[in-house]
Amino acid sequence: MLSERRLQVLRAIVQDYVGTEEPVGSKALTERHNLGVSPATVRNDMAALEDEGFIAQPHTSAGRIPTDKGYRLFVDKLAGVKPMTGPERRAIHNFLVGAVDLDDVVTRTVRLLAQLTRQVAIVQYPSLTRSTVRHVELLSLAPARVMLVLITDTGRVEQRMVDCPAPFGETSLADLRARLNSRVAGRRFTDVPNLVEDLPEAFEAEDRGTVSVVLSTLLETLVEENEERLMIGGTANLTRFGHDFPLTIRPVLEALEEQVVLLKLLGEAQDPGVMVRIGHENAHEGLNSTSVVSVGYGSGGEAVAKLGVVGPTRMDYPGTMGAVRAVARYVGQILAES
């Protein structure tokens, strides 16, 4: 375990390097921070931190910079989450509250995160498998054609056309709509198949074929594979950090084009709290020079998807963690109210 003073020295090195982009020397540390010890003592502490792999000497510079291991200790032990100010929180709320639908919420969230953190922002659309049914609407388009509209608790709307095997009257359609919503409204998607299994038996023999086709369409909608949608924004922010990437930002840009990589980066939606992955903790080689800060968002206290940012390891972790957490909270509130 590091002594309290060496932890202080490490914190000061991280803060100075993030702030100045320059390797940090012992003289600068003692001048900028009230460490209460001589430059010689700080030099000894820095040598110990270097021996343990928390800082390193880049090239021939006299100063030191944090390693992935140093940033990890900083995030886990030394950095609190920086809360947003009142005006910042109001700005977030005002920007998001004008959204007209789920696509608009996601688009605004990506723009907002990219602007607040000046990093690359990634927002996952709410997952259908973790959603609940708000309402199922059935509309008659022709005697044997029905439009099925599924509305989720996160404001997601899915529409499907259903071709019925026989004409289906308005009275029967209204009866099916009422019976269907009484069973599935407010229930998890995963529960729906069992809840509607015996529903056709409640109808006259000549209507059961149509009821079964409508239910099949509903169940197909619930399990469709295209649910893992993402939106990404602020990629141009990476060009501001060119010198933070060892060779070129190209491997980072290529990794960001792969949806599977991004979904793995964000992690499982069920993970509570803010998650930070630093440098080589990212399995994808192209992202070894980046850090990822992500958190779950959702309505009713349950995460239905993730959002986060990707940037260089030389990142303002307290500020980024605070921004990501605050935005997730407001998105959750808007989804709950929508």
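These numbers were taken from a predicted model, which means no experiment stands behind them.

Conventions and cut-offs
Sequence order as written defines the numbering, with residues in each chain counted from 1. A pLDDT threshold of at least 70 governs which residues receive local features in this predicted model, and a stricter bar of 80 or more applies before side-chain atom pairs are shown or counted, although totals over entire chains, interfaces and linings include all residues. Excluding hydrogens and water, the side-chain figures rest on all heavy atoms present in the structure. Numbered from the N terminus, helices here are DSSP runs of H or I no shorter than four residues, and strands are runs of E no shorter than two. Only C-alpha atoms enter the radius of gyration; for comparison, a globular chain is expected to reach 2.2 Å times N to the power 0.38, where N is the number of residues. The criterion used for residue contact is that any of the two residues' heavy atoms lie within 4.5 Å. Shrake-Rupley sampling with a 1.4 Å probe provides the accessible areas, and residues are treated as covered by the protein chains on show and by no other component. Counting rule applied: Lys, Arg positive; Asp, Glu negative; His and chain ends not counted. Taken as the charge centre is NZ of Lys, CZ of Arg, CG of Asp or CD of Glu, depending on the residue. Orientation is described by lines fitted to C-alpha atoms, with helices fitted over the stretch in contact, and by angles between N-to-C directions that extend from 0 to 180 degrees. Note on angle classes: values under 35 degrees are labelled roughly parallel, values over 145 roughly antiparallel, values of 65 to 115 roughly perpendicular, and the remainder oblique. Two helices crossing with the near one rotated counterclockwise from the far one by less than a right angle form a left-handed crossing, whereas a clockwise rotation gives a right-handed crossing. Basically, the charged four are Asp, Glu, Lys and Arg, the nonpolar ten are Ala, Val, Leu, Ile, Met, Phe, Trp, Tyr, Cys and Pro, and anything else, Gly included, counts as polar. Aromatic contacts are taken between Phe, Tyr and Trp rings whose centres are within 6.5 Å, Trp giving its six-membered ring; a plane angle under 30 degrees counts as stacked, one over 60 as edge-to-face, and the others as tilted. Placement of a positive charge over a ring is assigned whenever Lys NZ or Arg CZ falls within 6 Å of the ring centre and within 35 degrees of the normal to the ring plane. By definition, no residue in a patch forms a salt bridge, and every one has over 30% relative accessible area; like charges are joined within 9 Å, nonpolar side chains (Val, Leu, Ile, Met, Phe, Trp, Tyr) within 5 Å. The term salt bridge refers to a side-chain nitrogen of Lys or Arg lying within 4 Å of a carboxyl oxygen of Asp or Glu. Accessible area is worked out with a 1.4 Å probe on protein chains only. A residue is then buried under 20% of its type maximum, exposed over 50%, and partly exposed in between. Paired strands, in this sense, are two strands between which DSSP finds at least two bridges.

Overview of the overall build of the protein
Phase 1: Counting its secondary structure elements, the protein contains 12 helices and 10 strands.
Phase 2: Relative to the 2.2 N^0.38 estimate, which gives 20 Å for 338 residues, the radius of gyration of the protein is 26 Å and therefore markedly larger than a compact globule would have.
Phase 3: For the protein, the spread of C-alpha atoms along the three principal axes comes to 90 × 40 × 35 Å.
Phase 4: Considering only intrachain contacts with a sequence separation of at least 6, the fraction spanning at least 24 residues in the protein is 60%.
Phase 5: Working note: accessible area of the protein is about 16100 Å², and carbon and sulfur atoms make up 50% of it.
Phase 6: Mean positive and mean negative side-chain charge positions of the protein (36 and 44 charges, respectively) differ by 8 Å.

Re the packing of helix α4 (residues 68-78) against helix α12 (residues 317-337)
Packed helix pairs are specified by the crossing angle of their axes together with the interaxial distance, meaning the distance between the axes.
Phase 1: Viewed as axis vectors pointing N to C, α4 and α12 meet at an angle of 55°, and their least axial separation amounts to 11 Å. As far as their axial angle goes, α12 and α4 are oblique. Between α4 and α12 the crossing geometry is right-handed. Residue-level contacts link Tyr71, Phe74 and Val75 of α4 to Tyr317, Pro318 and Met321 of α12.
Phase 2: Counted by class, the contact of α4 with α12 contains six nonpolar, no polar and no charged residues.

Considerations on the packing of helix α1 (residues 4-20) against helix α3 (residues 39-51)
Phase 1: At a minimum axis distance of 10 Å, the contact between α1 and α3 shows a crossing angle of 85°. When the axes of α1 and α3 are compared, the pair comes out roughly perpendicular. From α1, Arg5, Arg6, Val9, Leu10 and Ile13 reach across to α3, where they touch Thr41, Val42, Asn44, Asp45, Met46, Ala48 and Leu49.
Phase 2: Classifying every residue of the contact of α1 with α3 gives seven nonpolar, two polar and three charged.

Concerning the packing of aromatic side chains
Phase 1: A full pass over the atoms with the stated rule returns one aromatic pair.
Phase 2: Where Tyr71 meets Tyr317, the ring centres are 5.6 Å apart and the plane angle is 50°; that geometry is what we call tilted. Taken together, the positions of Tyr71 in helix α4 and Tyr317 in helix α12 put the pair 246 residues apart, joining distant regions of the chain.
Phase 3: A cation over a ring is seen here: Lys69 above Phe54, with NZ or CZ 4.6 Å from the ring centre.
Phase 4: Above the plane of the ring of Phe95 lies Arg108, whose end atom (NZ or CZ) is 5.9 Å from the centre.

Some points on a positive patch on the surface
Phase 1: The grouping of Arg89, Arg90, Arg325 and Arg329 at the surface amounts to a positive patch.
Phase 2: Listed by contribution, the elements that provide at least two residues to the positive patch are α5 (86-97) and α12.
Phase 3: Relative to the elements of secondary structure, Arg325 occurs in helix α12.
Phase 4: Using a relative accessible area of 34% as the deciding quantity, one classes Arg325 as partly exposed.

Here's the deal with the pattern of salt bridges
Phase 1: Overall, the coordinates contain 16 salt bridges when judged by the stated rule.
Phase 2: Between Arg5 and Asp45 there is a salt bridge, with its nearest N and O atoms 2.7 Å apart. Residue Arg5 is found in helix α1, and its partner Asp45 is found in helix α3; the two are separated by 40 residues along the sequence.
Phase 3: You can call Arg5 partly exposed: its relative accessible area is 32%.
Phase 4: By relative accessible area, Asp45 is classed as buried at 1%.
Phase 5: Among the salt bridges present, the one from Arg229 reaches Asp103, with a minimum N-O distance of 3.6 Å. Separated by 126 residues along the polypeptide, Arg229 in the loop between α9 (205-222) and β7 (230-233) and Asp103 in helix α6 (residues 102-117) bring together distant segments of the chain.
Phase 6: Three or more residues are tied together by salt bridges with common partners; here these are Arg5, Arg6 and Asp45.

Notes on the side chain of Thr132
Phase 1: As for its position among the elements, Thr132 is in the loop between β3 (120-124) and β4 (133-142).
Phase 2: Accessibility expressed as a relative area gives 17% for Thr132, which makes it buried.

Let's talk about the sheet that holds β7
Phase 1: The five strands are arranged β7-β3-β10-β9-β8 in an open sheet whose pairing can be described as antiparallel. Every other strand in the sheet has two partners, leaving β7 and β8 (275-278) as the edge strands with one partner each. Ignoring which end each strand starts from, the neighbouring axes of this sheet average 15° apart.
Phase 2: Note that β3 and β7 share four bridges and pair antiparallel. Paired with Ala121 across the strands is Gly233, a residue of β7.

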